[in-house]
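Here are the chains, one letter per residue:
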Amino acid sequence: DHKLIPKLKKPFILAGGITEKNVICILEELKEDGRVPVCVDVSSSVESNGYKDKEKIEKVIGKIRWWNYMWFLRKYMIDLINVDMDGGKTEIIHQV
């Protein structure tokens, strides 16, 4: 359970139960508490029939990259942003 991760001051790796469907929500919840991992381990969640699945890998990496880009925008360039987490429209409400 990612909610049990203590408020670490050191870099940490997020692992265990991370999937394409929950990675964004987990990263958002951790970020709200000031905890952003340096790495996300998704090893078993990107397998099909015991083998790494290229499509699953691309989907989860794409979601993490999207989240990282949006995090950067929110932190450095935009005051307020309305984001549909399912890959829908992104609307900039106020730009710094």
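Everything discussed here concerns the structure shown above.
Owing to the predicted nature of the structure, the values given are computational and were not obtained by experimental measurement. (Residues numbered from 1 in each chain as written. Predicted model: local features only at pLDDT ≥ 70, side-chain atom pairs only at ≥ 80, totals over all residues. Heavy atoms only, no water.)

Novice: Would you mind showing me how to read the overall build of the chain here?
Specialist: Summing up its helical and strand segments, the chain has two helices and six strands in all. Listing each helix as α and each strand as β along the chain from the N terminus yields β-α-β-β-β-α-β-β. The burial tally for the chain puts 23% of its 96 residues in the buried class. In the chain, the share of contacts with a sequence separation of at least 24, taken over all contacts with a separation of at least 6, comes to 46%. Total accessible area on the chain is roughly 7,100 Å²; 53% of this is exposed by carbon and sulfur atoms. (Helix = DSSP H or I, 4+ residues; strand = E, 2+ residues; numbered from the N terminus. Buried < 20%, exposed > 50% of the residue type's maximum accessible area, 1.4 Å probe, protein only. Contact = heavy atoms within 4.5 Å. Areas by Shrake-Rupley, 256 points an atom, 1.4 Å probe, with all protein chains shown as cover.)

Novice: Can you walk me through the pattern of salt bridges in this structure?
Specialist: Opposite charge on two side chains permits pairing when their charged atoms draw close. Under the counting rule described, the total for this entry stands at two salt bridges. One salt bridge in this structure joins lysine 52 and glutamate 47, with 2.7 Å as the shortest N-O distance. Judged by relative accessible area, which is 46%, lysine 52 ranks as partly exposed. Looking at glutamate 47, the relative accessible area reads 29%, which means it is partly exposed. (Salt bridge = Lys/Arg side-chain N within 4 Å of Asp/Glu carboxyl O.)

Novice: Looking at this structure, how should I read unusual backbone geometry?
Specialist: Leaving glycine out, the prevailing phi sign among residues is negative, and the prevailing peptide bond configuration is trans. Notably, asparagine 49 is not glycine yet its phi reads approximately 55°, a positive angle. You can see asparagine 49 is positioned in the loop between strand S3 (47-48) and strand S4 (51-52). We classify asparagine 49 as exposed; its relative accessible area is 77%.

Novice: What am I meant to see in the nonpolar core here?
Specialist: The nonpolar side chains of a soluble globular protein tend to be buried, and buried together. Grouped together as the largest cluster of nonpolar side chains are twelve residues: Phe12, Leu14, Ile18, Val23, Ile24, Ile26, Leu27, Leu30, Val42, Val46, Val60 and Trp67. Listing elements by their share of this core, those giving two or more residues are helix H1 (23-32) and helix H2 (54-76). Of the residues forming this core, the biggest block, five residues, is contributed by H1. (Core = buried A, V, L, I, M, F, W, Y, C linked by side-chain atoms within 4.5 Å.)

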